[in-house]
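Fold and contact review
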Amino acid sequence: MTRISPERLVNSILILITVAVGLSAALPSGATDRPVVNIAHRVGITDVYPENTLAEYRRAMSVGADDIELDQRSKKDGRLVILHDETLDRTTDGSRLVTEFTLVELKKLNAGGNEQIPTYEEVLQLVANTGTKLLLDIKNCPLLDKGEIVRLTEKYKASSDVIFGVRNLDGFAAFRKLNPEIRTLGFITTPFEIEKFADAGVDIIRLWAWWLFLYPDLMKEARHLQKPVWVTAGDAPRGDLERLISLGVDGIITDHPDLMTELQSEIKVAARGPNEQR
C-alpha cells in the first residue's frame, strides 16, 4: 500500500476545498436546491413578436419559458381579452378605451405584424398540454368578470396551470371564493404590503427587482413568512438576472426568457458537480 505524506495529504485537501469554493462561487446561492422559474413578460422583439399576441407567446414557449405573463382585461361585451393598456393606441392601429369595443370590433384591429388581440380562451387553447403555465396580471377593470376567468380556466382543466395575479386583497378573496384551489400571486405595490398579502394567504409574493437591489433584506422577510418570491425584472440584462438568482428569488419575470433559459441550464450543470459533467 502506498504511503501518502502528511504534506501531500494537506495539499490534496486544499485543492479539493479550492475546487468546491470555485464551484460554489460559480453557482448562484439558493439555486442548488430548487429551480428558478422563468416567466416570460415580453420577448423583446416587438416588430416580429408583438406584445401580448399569440406570436409572442409561441416565441416564449420556443425559447423555454416555464410561464407566460398575460395582461387580462375585459371589454364592452364582457369578453376577456389580453391587453396591457386600457387604451388601444400604443399596441394596435386603433384608439380609445378597450371597453368601448366588442370582440368582433377588436378582432379587426392590427396588434402588430398582422396579429390580432387574443382572447383569454385562445391563449388557454394555445398552451393546452404543452406544460407551459400562465400568470394572469388581472387589471383593475370595471367590466371584468372574475367568474368568467375562473370558468374558462376550469373549462380547460387548467386550474393547476394558471396563477391568478391580484393587486388587492378584495380581488384575492373574490377569486378564492370562486375556487379555493386556485394559486394566487400578489402584485404588491409597496414593500410594506408583503406581510399583509402573506397573512391573507396569497401563495406567491411579487417584488420589483429594484426593491431587492436597494433592500436585500426583503428576501429575509419573505422567507420568514414562508412565501416564494417572484421578481419583475423587465428588460434587466444578464448580470442583473444573475444577481437576482444569487439573492435567492424563486422566479424572475423577464423580457429575456431566452437568457433565463441559458442561466437555468448553467445552474443545472454546476449543481451536478464536476464528476457528473463528464
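Residues numbered from 1 in each chain as written. Predicted model: local features only at pLDDT ≥ 70, side-chain atom pairs only at ≥ 80, totals over all residues. Heavy atoms only, no water.

This part covers the overall build of the protein chain. From N to C terminus, the protein chain includes eleven helices and nine strands. Taking as baseline every contact in the protein chain between residues at least 6 positions apart, the subset at least 24 positions apart corresponds to 59%. Of the roughly 14400 Å² of accessible surface on the protein chain, a fraction of 53% belongs to carbon and sulfur atoms. (Helix = DSSP H or I, 4+ residues; strand = E, 2+ residues; numbered from the N terminus. Contact = heavy atoms within 4.5 Å. Areas by Shrake-Rupley, 256 points an atom, 1.4 Å probe, with all protein chains shown as cover.)

Another point: the packing of helix α2 (residues 54-62) against helix α4 (residues 120-127). The angle between the axes and the distance between the axes are what describe a pair of packed helices. Relative to each other, α2 and α4 sit at 25°, their axes nearing to 11 Å. The angle between α2 and α4 places the two elements in the roughly parallel class. In this structure, the crossing between α2 and α4 has a hand that is right-handed. Where α2 approaches α4, its residues Leu 54, Tyr 57, Arg 58 and Met 61 are matched on the opposing element by Glu 122, Val 123, Leu 126 and Val 127. (Axes fitted to C-alpha atoms, helices over the stretch in contact; angles between N-to-C directions. Parallel < 35°, antiparallel > 145°, perpendicular 65-115°, else oblique. Left-handed = near helix turned anticlockwise from the far one by under 90°.)

Our next topic: the pattern of salt bridges. Per the stated rule, a full pass over the model turns up 18 salt bridges. Salt-bridge contacts for Lys 139 lead to Asp 71; the nearest nitrogen and oxygen are separated by 3.5 Å. Within this pair, whereas Lys 139 is found in the loop between β4 (133-138) and α5 (146-155), its partner Asp 71 is found in strand β2 (residues 67-74), the two being separated by 68 residues in sequence. Lys 139 gets classed as buried once you look at its relative accessible area, which sits at 10%. Residues joined in a network through salt bridges with shared partners are Asp 71, Asp 137, Lys 139 and Arg 167. (Salt bridge = Lys/Arg side-chain N within 4 Å of Asp/Glu carboxyl O. Buried < 20%, exposed > 50% of the residue type's maximum accessible area, 1.4 Å probe, protein only.)

Let us now look at a nonpolar patch on the surface. A cluster of nonpolar side chains, Trp 208, Trp 210, Leu 214 and Tyr 215, forms an exposed patch at the surface whose accessible area comes to about 470 Å². Looking at where Tyr 215 falls in the secondary structure, it is placed in the loop between α8 (209-214) and α9 (218-224). Given the relative accessible area of 48%, Tyr 215 is considered partly exposed. (Patch = residues over 30% accessible without salt bridge, like charges linked within 9 Å, V, L, I, M, F, W, Y side chains within 5 Å.)

Let us look at α4. Tyr 120, Val 123, Leu 124, Leu 126 and Val 127 are the residues of α4 that are buried. Down the axis, α4 shows its buried residues gathered within 160° of arc, on one side only. Just beyond α4, the residue with positive phi is Asn 129, at close to 65°. (Arc of directions from axis to C-beta.)

This next bit is on the nonpolar core. Of all hydrophobic cores here, the largest spans 55 residues; its most connected members are Leu 70, Tyr 120, Leu 134, Ile 149, Phe 164, Leu 207 and Ile 252. At five residues, α4 tops the list of elements feeding residues into this core. If we ignore the near neighbours within four places in the chain, the residues touching Phe 164 are Leu 136, Ile 138, Ile 149, Val 150, Thr 153, Phe 175, Ile 182, Arg 183, Thr 184 and Leu 185. In terms of nonpolar packing, the next biggest core, distinct from the first, is built from ten residues, Val 81, Leu 88, Val 98 and Phe 101 among them. (Core = buried A, V, L, I, M, F, W, Y, C linked by side-chain atoms within 4.5 Å.)

Here strand β9 (residues 251-254) shows no split at all, with Gly 251 and Ile 253 on one side and Ile 252 and Thr 254 on the other all buried. Sheet analysis places strand β1 (residues 37-40) next to β9, joined by four bridges and oriented parallel. Paired with Ile 39 across the bridge in β9 is Ile 253. Both strand β8 (residues 229-234) and β9 contribute to a ladder of four bridges, which runs parallel. What sits directly across from Thr 232, in β9, is Ile 253. Handedness of the crossover joining β8 and β9 through helix α10 (residues 238-246) is recorded here as right-handed. (Pairing = 2+ DSSP bridges. Right-handed = clockwise from strand over helix to strand, strands pointing away.)

Moving on: the side chain of Thr 92. Looking at the secondary structure, you find Thr 92 in the loop between β3 (80-82) and α3 (103-106). Of note is the side chain of Thr 92, whose polar atom sits 2.8 Å from the backbone oxygen of Leu 88. A polar atom in the side chain of Thr 92 sits 2.9 Å from the backbone nitrogen of Gly 94. (Polar contact = N/O pair within 3.5 Å; in protein donor to acceptor, adjacent residues only side chain to side chain.)

Right, let's talk about the confidence of the model for the protein chain for a bit. Atom-level detail of predicted coordinates should not be read off regions where pLDDT is low. The predicted model of the protein chain has a mean per-residue pLDDT of 86, with 84% of residues at 70 or higher. Of the regions scoring below 50 in pLDDT, residues 1-33 engages in 14 contacts with residues more than four places distant in sequence or in other chains. (pLDDT = per-residue confidence, 0-100.)

What follows covers the packing of α4 against α5. Running from amino to carboxyl end, α4 crosses α5 at an angle of 25°, the nearest separation of the two axes being 10 Å. Comparing the axis directions of α4 and α5 gives the class roughly parallel. Relative to α5, the crossing made by α4 is right-handed. Across from Tyr 120, Glu 121 and Leu 124 in α4, the residues of α5 making contact are Ile 149, Leu 152, Thr 153 and Lys 155. Here the contact of α4 with α5 is composed, by residue class, of four nonpolar, one polar and two charged. (Nonpolar A, V, L, I, M, F, W, Y, C, P; charged D, E, K, R; others polar.)

Two descriptors summarise a pair of aromatic rings, namely the distance from one centre to the other and the angle between the planes of the rings. Summed over all chains, the structure comprises two aromatic pairs. When the centroid spacing of 5.1 Å and the interplanar angle of 55° are considered together, the rings of Phe 164 and Phe 175 count as tilted. Highlighted residues: Phe 164 in strand β5 (residues 162-166) and Phe 175 in helix α6 (residues 169-178), separated in sequence by eleven residues. For Phe 164, a relative accessible area of 0% translates into the label buried. Ring geometry for Trp 210 versus Trp 211: centroids 6.2 Å apart, planes at 75°, classification edge-to-face. Given the relative accessible area of 3%, Trp 211 is considered buried. When the ring centre of Phe 187 is taken as origin, the NZ or CZ atom of Arg 167, which lies over that ring, is 5.0 Å away. (Phe/Tyr/Trp six-rings, centres within 6.5 Å; stacked < 30°, edge-to-face > 60°. Lys NZ or Arg CZ within 6 Å of the ring centre and 35° of its normal.)

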